[in-house]
Amino acid sequence: MCIRDRYQRRVRALCNSPPTMSAGKRRVRPREDGHLLAIIADEDTVTGFVLAGAGHVDSKRNSNFLVVNEKTTTQQIEAAFRTLTTREDIGVLIISQYIAETIRHVLDDYSEMVPAILEIPSKDHPYEPKKDSLMLRVSRMTGRDRQ
């Protein structure tokens, strides 16, 4: 069994673990003065963030990530986005750019400062700055969109 398969199995186990079990040897809790990262991405990206310590499942089995695959519907992605952006313990929401394109209308309507939305590339889909809503806002603010 390769290392990647073991890590992906660990992500699945974290999603399906009962609330009394801890993730790894210790429970991961948000700092009292800090916020969590939230992730909406493909399995490889979510696995990397979970292994880096960004994954969190609370006692009510609410996680701070959504693994998107070919079976995930647009409605599920939109519901996860709305849920994660209304949680008070989330400071930054990281979303793969190709997934953000499927819910672009929801992202364009989102105007809150916290959690901040950060679009990232994925392994199979390159980053395109012209589609990134944050980069478009920066371009408009600096006047570079007029050039």
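Just so it is clear, the structure is predicted and the values come from calculations on it, not from any experiment. (Residues numbered from 1 in each chain as written. Predicted model: local features only at pLDDT ≥ 70, side-chain atom pairs only at ≥ 80, totals over all residues. Heavy atoms only, no water.)

(A) Main features of the overall build of the protein chain. Counting its secondary structure elements, the protein chain contains six helices and four strands. Sequence-ordered secondary structure for the protein chain, helices as α and strands as β, is α-β-α-β-α-β-α-α-β-α. Within the protein chain, the fraction of its 147 residues that count as buried is 35%. Put simply, 66% of the contacts in the protein chain that link residues at least 6 apart link residues at least 24 apart. For the protein chain, the accessible surface area stands at approximately 9,700 Å², while carbon and sulfur atoms represent 52% of it. (Helix = DSSP H or I, 4+ residues; strand = E, 2+ residues; numbered from the N terminus. Buried < 20%, exposed > 50% of the residue type's maximum accessible area, 1.4 Å probe, protein only. Contact = heavy atoms within 4.5 Å. Areas by Shrake-Rupley, 256 points an atom, 1.4 Å probe, with all protein chains shown as cover.)

(B) Representation of a nonpolar patch on the surface in the model. The grouping of L118, L134 and V138 at the surface amounts to a nonpolar patch, some 220 Å² of accessible area in total. Position of V138 among the secondary structure elements: in helix α6 (residues 133–142). Accessibility expressed as a relative area gives 40% for V138, which makes it partly exposed. (Patch = residues over 30% accessible without salt bridge, like charges linked within 9 Å, V, L, I, M, F, W, Y side chains within 5 Å. Salt bridge = Lys/Arg side-chain N within 4 Å of Asp/Glu carboxyl O.)

(C) Representation of the nonpolar core in the model. I40, F81, L93, I95, I103 and I117 are the most contacted members of the largest nonpolar core, which totals 18 residues. For this core, the secondary-structure elements that each account for two or more residues are β1 (36–41), α3 (74–86), β3 (90–96), α4 (97–102) and α5 (104–109). Once residues within four sequence positions are removed from consideration, I95 is found in contact with I40, A100, I103, I117, L118, E119 and I120. In terms of nonpolar packing, the next biggest core, distinct from the first, is built from seven residues, I39, A41, V46 and F65 among them. (Core = buried A, V, L, I, M, F, W, Y, C linked by side-chain atoms within 4.5 Å.)

(D) Spatial organisation of the sheet that holds strand β2 (residues 65–67). Across the sheet, which stays open at both edges, the four strands sit in the order β2-β1-β3-β4 with parallel pairing between neighbours. Every interior strand has two partners, whereas the edge strands, β2 and β4 (116–120), have only one. Within the sheet, the average angular offset between the axes of one strand and its neighbour, ignoring direction, is 20 degrees. As paired strands, β3 and β4 are joined by five bridges and run parallel to one another. Looking at the pairing, V92 lines up with A116 of β4. (Pairing = 2+ DSSP bridges. Axes fitted to C-alpha atoms, helices over the stretch in contact; angles between N-to-C directions.)

(E) Main features of the pairing of β1. Most of β1 sits out of view: five of its six residues are buried. Here β1 pairs with β3 via five bridges, running parallel. Considered in β3, the bridge of A38 is made with L93. With three bridges connecting them, β1 and β2 associate as parallel partners.

(F) Inspection of the environment of Y98 at higher detail. With respect to the helices, strands and loops of the structure, Y98 is situated in helix α4. Given the relative accessible area of 28%, Y98 is considered partly exposed. C-alpha separation for the pair Y98 and K131, spaced 33 residues apart in sequence, amounts to 9.4 Å. If we skip the residues at most four places from it in the chain, Y98 touches D42, S122 and H125.

(G) Spatial organisation of the pattern of salt bridges. All chains considered together, the criterion is met by five salt bridges. R104 is the partner of E101 in a salt bridge, and the nearest nitrogen-oxygen pair spans 2.7 Å. For R104, a relative accessible area of 13% gives the class buried. One salt-bridge network, in which partners are shared between bridges, spans E101, R104 and E119.

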